[in-house]
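# Architecture and fold: a report
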Amino acid sequence: MPLQIIVGAQWGDEGKGRIVDWFASRADLSARYNGGDNAGHTVTVGPRIFKLHLLPSGIIHPQVTAVLGNGMVINPRTLFEEMDILNGSGISTSPDRLRISYAAHLITPSHQALDKALEGARGKDNIGTTGRGIGPAYTDKATRRGLRVADMLAPDFPERVGDHVAETNRTLRMYTAPELDPAPVCAQYREFADRLKPYIADTSLELHAAMQAGKIILVEAAQGTLLDLDFGTYPFVTSSSTTAPAALTGLGLGLDAARTASVVGVVKAFQTRVGSGPFPTELTGDLAMRLRGSGANPWDEYGTTTGRPRRVGWLDGVLLRYAVRINGLSELTVTKLDVLSGMENIKLCTAYRQAGKTLDDLPFGPSDLSPYEPVYEQFPGWKEDVGGVRNWNELPSAARDYLDRIASLAGVPIRLASVGPERDQVVEKV
Ligand code: IMP
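Not measured: the values here are computed from a predicted model.

## Digging into the side chain of D21
Position of D21 among the secondary structure elements: in helix α1 (residues 16–24). On the basis of relative accessible area, D21 is assigned to the buried category, the value being 3%. At 2.7 Å, the side chain of D21 forms a polar contact with the side chain of R423.

## With respect to the packing of helix α5 (residues 157–174) against helix α6 (residues 182–196)
It is at 9 Å that the axes of α5 and α6 come closest, and there the two elements cross at 140 degrees. As far as their axial angle goes, α6 and α5 are oblique. For the pair α5 and α6, the sense of crossing is right-handed. Residues F157, P158, V161, G162 and V165 of α5 pack against P182, V185, C186, Y189, R190 and A193 of α6. Within the contact of α5 with α6, the residues separate by chemical class into nine nonpolar, one polar and one charged.

## Considering the domain arrangement of the protein chain
One can read the domain layout of the protein chain as domain 1 (3–91 + 203–428) and domain 2 (105–199). Taken together, the contacts link 30 residues of domain 1 with 24 residues of domain 2. At the boundary of domain 1 with domain 2, total buried surface from both sides reaches about 2,100 Å², with 56% on carbon and sulfur atoms. Among the residues of domain 1 in contact with domain 2, V73, P76 and F80 are the three that bury the most area, contributing 26% of the side total. Here domain 1 is connected to domain 2 by two salt bridges. As a salt-bridge pair, D84 and R195 come within 2.9 Å of each other at their nearest N and O atoms. In this structure, the connection of domain 1 to domain 2 is made through ten residue pairs in polar contact (both at pLDDT 80 or more). Considering each element in turn, the side of domain 1 that touches domain 2 owes the most residues, eight residues, to helix α2 (residues 76–88).

## Considerations on the pairing of strand β15 (residues 331–335)
For β15, the buried fraction is high: five of the five residues fall into the buried class. Here five bridges tie strand β11 (residues 261–268) to β15, and the two strands are oriented parallel to one another. Note on β15: the bridge partner recorded for V264 is E331. Where β15 lies against strand β20 (residues 414–418), three bridges are found, and the strand directions are parallel. Bridged to T333 within β20 is L416.

## Observations regarding the packing of aromatic side chains
Remark: the centre distance and the inter-plane angle together describe each pair of aromatic rings, the angle taken between the planes. Inspection of the entire model under this criterion finds six aromatic pairs. Ring geometry for F379 versus Y402: centroids 5.6 Å apart, planes at 70 degrees, classification edge-to-face. A residue pair is termed long-range when its members are at least 10 positions apart, and F379 in strand β19 (residues 373–380) and Y402 in helix α11 (residues 397–410) qualify at 23 residues. Judged on exposure class, the residue F379 and its partner Y402 are both buried. Ring pairing ties together the aromatic residues F80, Y189 and F192, which thus form one cluster. The ring of W22 is capped by R26, whose NZ or CZ atom sits 4.5 Å from the centre of that ring. Above the face of the Y376 ring, K347 is positioned so that its terminal group lies 5.4 Å from the ring centre.

## Looking at the site of the ligand
The environment of the ligand is made up of 16 residues, and the closest members are D13, N38, T130, T238 and R308. Measuring from an oxygen atom of the ligand, one finds a side-chain N or O atom of T238 at 2.6 Å. V274 is positioned such that a nitrogen or oxygen atom in its backbone is 3.3 Å from an oxygen atom of the ligand. Put simply, the ligand lies in the largest pocket.

## What about empty space enclosed by the protein?
All chains considered together, the criterion is met by one cavity of 30 Å³ or more. A volume near 410 Å³ is recorded for the largest cavity. Residue lining of the largest cavity: 28 residues in total, with G15, R18, T42, W299 and K336 positioned closest to the centre. If you list the elements that add at least two residues to the lining of the largest cavity, you get α1, β3 (41–45) and β4 (48–52).

## Re the pattern of salt bridges
Inspection of the entire model under this criterion finds 24 salt bridges. With its nearest N and O atoms 3.5 Å apart, the salt bridge here joins D194 to K197. In this structure, R415 engages E331 in a salt bridge whose closest nitrogen and oxygen atoms are separated by 3.3 Å. Pair noted here: R415 is in strand β20 and E331 is in strand β15, with a separation of 84 residues, a long-range link. Classification of R415 by relative accessible area gives partly exposed; the value is 24%.

## Section: the layout of surface pockets
In this approach a probe as big as a water molecule rolls over the atoms, and the regions it shows empty are the leftover space. By volume, the largest pocket is sized at about 990 Å³. Contributing to the lining of the largest pocket are 50 residues, with T129, I134, G135, T238 and S239 lying nearest its centre. Taken together, the elements giving at least two residues each to the lining of the largest pocket come down to α3 (109–122), α4 (134–142) and α5. Its residues assigned to classes, the lining of the largest pocket shows 16 nonpolar, 22 polar and twelve charged. Structurally, the lining of the largest pocket is a two-domain feature, drawing no fewer than three residues from each of domain 1 (3–91 + 203–428) and domain 2 (105–199).

## Thoughts on α3
A rise of 1.5 Å per residue sets the reference length of α3, with its 14 residues, at 20 Å; its end C-alpha atoms lie 20 Å apart and thus fit the reference within 8%. Along α3, the positions that sit buried rather than exposed are S110, H111, L114, D115, A117 and E119. Taken together, the buried residues of α3 touch β8 (105–106), α4 and α5.

Reading guide: rules and limits
- Residues numbered from 1 in each chain as written.
- Predicted model: local features only at pLDDT ≥ 70, side-chain atom pairs only at ≥ 80, totals over all residues.
- Heavy atoms only, no water.
- Helix = DSSP H or I, 4+ residues; strand = E, 2+ residues; numbered from the N terminus.
- Buried < 20%, exposed > 50% of the residue type's maximum accessible area, 1.4 Å probe, protein only.
- Polar contact = N/O pair within 3.5 Å; in protein donor to acceptor, adjacent residues only side chain to side chain.
- Axes fitted to C-alpha atoms, helices over the stretch in contact; angles between N-to-C directions.
- Parallel < 35°, antiparallel > 145°, perpendicular 65-115°, else oblique.
- Left-handed = near helix turned anticlockwise from the far one by under 90°.
- Contact = heavy atoms within 4.5 Å.
- Nonpolar A, V, L, I, M, F, W, Y, C, P; charged D, E, K, R; others polar.
- Domains from an automatic or database assignment.
- Buried area = accessible area lost by both parts, 1.4 Å probe.
- Salt bridge = Lys/Arg side-chain N within 4 Å of Asp/Glu carboxyl O.
- Pairing = 2+ DSSP bridges.
- Phe/Tyr/Trp six-rings, centres within 6.5 Å; stacked < 30°, edge-to-face > 60°.
- Lys NZ or Arg CZ within 6 Å of the ring centre and 35° of its normal.
- Near = heavy atom within 4 Å.
- 1 Å grid on protein atoms, 1.4 Å probe; cavity = no way out; pocket = protein on both sides within 12 Å on 5 of 7 lines; lining within 4 Å.
- Sits in = over half its atoms within 2 Å of the grid points.
- Points joined across faces, edges and corners; volume = space filled by probe spheres on them.
- Expected span 1.5 Å × (residues − 1).

Pasting the structure below:
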């Protein structure tokens, strides 16, 4: 399969980073097509833990060329911080292995200030954004006044940055939020441009050539299906298209690329979300604390980007089936199976109930989930620690029964399950 698309089937944080890392050992390129540094992808390699916000997780593999596609919004400051960390760990981020689309948009401190001002103005109805300026940057893109990566090549780029800061200041004034001094932002972005220039490319052209040469391209979505601007729990969503079809427009690939694509949906063995919005299977109290973890481990349920505790609940099979349809998933990978070890019982939401009727599908997508009550199937748990299991048949039978039911409910096979944070803690169903 020249094109392998890895998407989140829930509200993000499904563990896509480590699954991309698993697939990347056999890939030639690794590309991201949406979002920006609101994402947080963690890859654990022995004692080293890489927390990536902008760079595709595949970059950790030396044979991989990383691509930031046109659908992204890029904060150069975060990008350089991340590149410096990788360089310091002996992972090269030289222009021959990192390519950045000329058509991606830039995030500036003005976008971040506006993100905070807008959230403040929403008060208790806030979305709970990551504060990274994602919404304002995509707003500028849609209203055709954004700064693109290609603008960095223009001699008057610093002036364009100055105009952008002045323009944003007018909006900040409306929200009585502090304005920004354009001069230091211009100076900083001039320096950023000097450093970024060698990386700027027509990545669509380069990806097309790679596909023609039979190279394997791994495509990594950020966030999850239920945070998609069109198909998520609107308005509690991010501002980009997080679903698999958007990989084509976000990378400049034609529909012919889809013919060779496999689409892997990553789903946690339970459900989590950060930020506001509906969550029908949400748990509170002891069970929630048990699933979330104490925060002592980097893989506990606390946001990689913001550190916020994640909301947790039982796996929602109705929303999973929806994700299979919207993305055209060919298979599933279930992560964090180990977290369920030791639980007496496990519940799985298989349908919703509303006004005495049982519903297998959502009549109008997931925006308003308030009328629905989850219908659960209960499974016996298992006591065994599954962290050392590498063979599917050695998983406890209760765990296999749970996974089989998830696959039958979703209507697509499960090919992989992760049983711990380490790179090799993956069980393949062969
Ligand atoms: P924004 O993308 O910062 O505008 O945030 C919009 C919503 O998406 C908020 O609920 C965030 O918590 C959520 N969100 C954004 N990025 C991620 C992510 O990578 N994982 C999980 N949730 C995210």
